[in-house]
Amino acid sequence: MQALQEQVVALRADQERIQADLAASRTINEELRRSNEELRRDLQNQVGEREEEDQEHATPPRKFSMSFSQAIMDVVIPTTFVGPKITFTGMKDPEAHLTAFHTQMMLVGGSDVVRCKLFMSTLVVASLVHQPS
C-alpha cells in the first residue's frame, strides 16, 4: 500500500511538472505567434514600399511595330507544348536552321500560327541584331 501511495505522489508531481511545461510552451507559442505577425506585417510593408519604388522607376513599355498578324499575336501556346530545341546564332546556314525548325515542328505538331510564334524563340539575340558589314 505504501508503494502505491508513493507512486501516486510521484505521478502527481510528474503531472504538475507536465502542466507547468505545457503552460510555459503555450506562453512561448503565443510570443512566437505575435512575433510572426509582426514580421509578416513588416514584410508586407517592405514589399509594398518596394513595389511603389519599382513603379516610380519603371520605364514605360516600348512600342514595337508588329510584323505579326493579330492571329499570331493572340495564339496561346499551351505550357505543356514542347517546341523545337534548336537555336540560330547567325553563324551557320539559315536555310539549315529553317529546315531543322520545320522538321521538328512537323514532329511535335502545331498550327502555322504556333510555328510563326515559336520561330522567334529559336533565334539567339546576336542573330536578331543587324550587324553592319
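Above this text you will find the structure in question.
Being a predicted model, the structure only gives us computed values, none of them experimental.

Novice: Help me out: how do you make sense of the environment of Gly 90 in this one?
Specialist: For Gly 90, the position within the fold is in the loop between α2 (70–74) and α3 (94–108). Given the relative accessible area of 40%, Gly 90 is considered partly exposed. Gly 90 sits 33 residues away from Leu 123 along the chain, and the two C-alpha atoms are 8.3 Å apart.

Novice: I keep staring at α3 and nothing clicks. Help me out?
Specialist: The end-to-end C-alpha separation of α3 is 21 Å, in line with the 21 Å expected for 15 residues at 1.5 Å each. Taken as a whole, α3 has its buried residues at His 97, Phe 101 and Met 105. End-on, the buried residues of α3 take up no more than an arc of 60°, which puts them together on one face. Among the exposed residues of α3, those pointing more than 90 degrees away from its buried face are Glu 95, Met 106 and Leu 107. In this structure, the buried side of α3 is in contact with α4 (112–119). Its side-chain oxygen placed 3.2 Å from the backbone nitrogen of Glu 95, Asp 93 serves as the N-cap of α3. Note on α3: the residue one or two positions beyond its end, Gly 109, has a positive phi of about 90°.

What counts as what
- Residues numbered from 1 in each chain as written.
- Predicted model: local features only at pLDDT ≥ 70, side-chain atom pairs only at ≥ 80, totals over all residues.
- Heavy atoms only, no water.
- Helix = DSSP H or I, 4+ residues; strand = E, 2+ residues; numbered from the N terminus.
- Buried < 20%, exposed > 50% of the residue type's maximum accessible area, 1.4 Å probe, protein only.
- Expected span 1.5 Å × (residues − 1).
- Arc of directions from axis to C-beta.
- Contact = heavy atoms within 4.5 Å.
- Polar contact = N/O pair within 3.5 Å; in protein donor to acceptor, adjacent residues only side chain to side chain.

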